[in-house]
Amino acid sequence: MAKLVAVCRTDDYQFERRQLPLTVDDNLKMVVQFSDNCVDCEHVRGIKQKELEHFVQRFSRLTKDEVAVEMMVTSKDIMNLLTHMVPCVGCRRSVERLFNDLVESQHTALEPLIITRRGVLSVNRDSLFDPKALYALFYIHGSKLTSVMESIPKSKKNKRCNLHSLETHKTRTPGSWIDIWDLLAQDCREEVVLVDADGLLDTLENYLRKHRFCSECKSKVLRAYSILVGDLDCTKEKGYCAALYEGLRCCPQERHIHMLCDTDFIAHLIGRAEPELAGGTRRDRHAKTLDIAQEEVLTCLGIHVYERLHRIAQKLKEEEQTWQILFFLGVDALKKSFEVALEKKQGVSNLELMYEELLEEERAKEQRREQKRQKRKKKKAKTSQIAEKENIAVEIDNENSKCECDKERSKDKSTHKSCKDKCSIYGDQNSNTSLASMESCRSNQSGEKKGGSDCGYSSGPDGCDSCSVPSSNDSDVSSLEHICGSQDGGESVCGSNDRLDSCQTCLSESSPSKLKHKRNHYKCEMSVIPQHQEDYCDANTSSQQYMPLSLQDMLEAPCSSEDEDDFISEEEIKQFKANKKNLQVQREELREKLRKQFCSFCTVHQKTPETSPTLSGSVRPSNC
């Protein structure tokens, strides 16, 4: 905190380090002493040895001439920095005023900073080439600029600080005078309690006007004032109380009033004025007697002293704030200039170093992300290998089941072959023998159906080569002709009607669903054939009489009324045509899926039997 250490009575006063004149009023100037923490920077606390060594190493890169040149800041740079850092207009004007005063007076108020007559800010010669002193100045004392700017209270309505706001000057706290009283030296206190008579008269008149004293009371108060300043003889005045003016002494020649320079006396005097200083309302006051008028004069004297101390406190705070802003702005400007010089000397700026650090951090993050991606890929590949092994195991199991089906199908073929041989060998026997043979064939079929299936690889629907019907829509009847047609010059394979009956019976028993449901014209053909199986077993009937009808005959043959319900309706035909494309797409997808699965299986098991494509586009084992 700044202090008032002396009274400046002459113009040639010798100001010491960090001292400035403070004008209280037209007739009073005091000397302000600012705090000086940089007097002995070698013993300043807070210096870190490693940082100091690093600073000294950087400082040694510059020559003395380079240091002297770079440690110079012009007034233009200071004012630009002031505009950006200080929002209060009053503070900026005060800093400009103090800077100009230092340029003219050349006071050492900013030591170790100096301001030349050309308006250049620099450092004195004692600290200019001392790296330890510069380090303490830049990085210990100079780091307080931000805290100083933040500590300045500001008004909420505008950007002005409280010291340059009119609202602050209006508010008065009676007990705050003791703070400034403690900051005054004894010489300054004596100067403060020396009251000018004319100044006291102005305060008295304002007081009388404010409280609307009547003319008689006003004359009494003015009479008491005249006794105090020595214009009237107190012994001739009736009702005068000398005890009230105890501690006061006047100088009629110089028009001064000397007060007792004692803290208790000043406190008692200001205490009389506390109701008025606290903002008392206007009211009519009276002073009918002289002693009451004396008390009113003492109240005005307390108001006058308090206002004088309050004015000194305001000026001291404002000057100290202005000095701090200018000092720390100058240190910050010199610090920036010095760092720029070091960066030029070094060749790499701090910004580039920071960029390299950020870039290195980004590379490290990218490497960590890449490692995570590689781990995920390895984990995914391991999972896919496990899934592939499981699929291979499932396909092996399916292949084993297919092999079992192939064995069963081979058995079925041998069984049906024996059935066919029976039909051809025993064709010359009677109808009972032929019927028995067909019955045995049917029993073999039922047994084979229970024992196993051909898995879709047999030529017939039920696995019987001699009694089956092809799955094609146009070859149902032709298969029958293929089985029982002419052979060796038109001679029938079946030697008698019994064998024909046996084949018809086998046909009707093996694929009734295809003859009855899928193609209704088979129903028509069946209606032509007698329903009783015994008629077909008559040995006297010729084989040509019961030969199966051709496809054209079947189409032209009339259908019985019993089969009319089994015809496909028009709505079913339209529905089938509408879904035909979807069925075809599904069929192609199924074929493609089967083809891919089979190719995959063949790739895994290279030792499996060779495959051969079928006419329909799908592939199946050649041994099936």
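Residues numbered from 1 in each chain as written. Predicted model: local features only at pLDDT ≥ 70, side-chain atom pairs only at ≥ 80, totals over all residues. Heavy atoms only, no water.

1. Section: the overall build of the protein chain
In terms of regular secondary structure, the protein chain is built from 25 helices and 13 strands. Looking at the protein chain residue by residue over its 624 residues, the buried ones come to 36%. In the structure as shown, the protein chain presents an accessible area of about 37,900 Å², 49% of it carried by carbon and sulfur atoms. (Helix = DSSP H or I, 4+ residues; strand = E, 2+ residues; numbered from the N terminus. Buried < 20%, exposed > 50% of the residue type's maximum accessible area, 1.4 Å probe, protein only. Areas by Shrake-Rupley, 256 points an atom, 1.4 Å probe, with all protein chains shown as cover.)

2. Remarks on the sheet that holds strand β5 (residues 113-115)
The antiparallel open sheet is built from three strands, whose spatial order is β4-β6-β5. Pairing within the sheet leaves two strands with one partner each, and these edge strands are β4 (73-74) and β5. (Pairing = 2+ DSSP bridges.)

3. Some words on helix α15 (residues 290-346)
In a regular helix each residue adds 1.5 Å, so 57 residues correspond to 84 Å; α15 covers 84 Å between its end C-alpha atoms and thus fits that length. Burial of α15 is extensive: 40 of the 57 residues sit out of reach of the surface. (Expected span 1.5 Å × (residues − 1).)

4. Notes on the pairing of strand β9 (residues 256-259)
Alternating residues of β9 divide into Ile257 and Met259, all buried, and His256 and His258, none buried. Pairing analysis gives three bridges linking strand β7 (residues 194-196) to β9, with the strands arranged antiparallel. From the neighbouring strand, leucine 194 faces β9, where its bridge partner is histidine 258. Relative to β9, strand β8 (residues 248-251) runs antiparallel, the two being bridged by four bridges. Residue cysteine 250 lies in a different strand from β9, and its bridge partner there is isoleucine 257. Connecting β8 to the antiparallel partner β9 that follows it, the hairpin turn spans four residues, and arginine 255 within it adopts a positive phi of roughly 60°.

5. Thoughts on the packing of helix α6 (residues 131-141) against α15
Contact pair α6 / α15: the axes reach a minimum separation of 10 Å and the direction vectors enclose 115°. As for the relative orientation of α6 and α15, their crossing is left-handed in sense. On α15, the residues touching Leu137, Phe138, Tyr139 and His141 of α6 are Phe327, Phe328, Val331, Leu334, Lys335, Phe338 and Glu339. Looking at side-chain class alone, the contact of α6 with α15 contains eight nonpolar, one polar and two charged residues. (Axes fitted to C-alpha atoms, helices over the stretch in contact; angles between N-to-C directions. Left-handed = near helix turned anticlockwise from the far one by under 90°. Contact = heavy atoms within 4.5 Å. Nonpolar A, V, L, I, M, F, W, Y, C, P; charged D, E, K, R; others polar.)

6. Focus: the UniProt feature "coiled-coil region" (unreviewed entry) in the protein chain
Per the UniProt entry, the sites bearing "coiled-coil region" (unreviewed entry) are residues 573-600 in this numbering. Annotation note: span residues 573-600, helix share 96%, strand share 0%, distance between end C-alpha atoms 39 Å. (UniProt positions renumbered as here; feature names shortened; annotations may be inferred.)

7. So, the packing of helix α13 (residues 263-272) against α15
α15 packs onto α13 with a crossing angle of 110° between their chain directions and a minimal axis gap of 7 Å. When the interaxial angle is binned, α13 and α15 end up roughly perpendicular. In this structure, the crossing between α13 and α15 has a hand that is left-handed. Note on element contacts: α15 touches α13 through Glu295, Leu298, Thr299, Leu301, Gly302, Val305, Tyr306 and Leu309, opposite Ile266, Leu269, Ile270 and Arg272. Across the contact of α13 with α15, the residue classes tally to eight nonpolar, two polar and two charged. (Parallel < 35°, antiparallel > 145°, perpendicular 65-115°, else oblique.)

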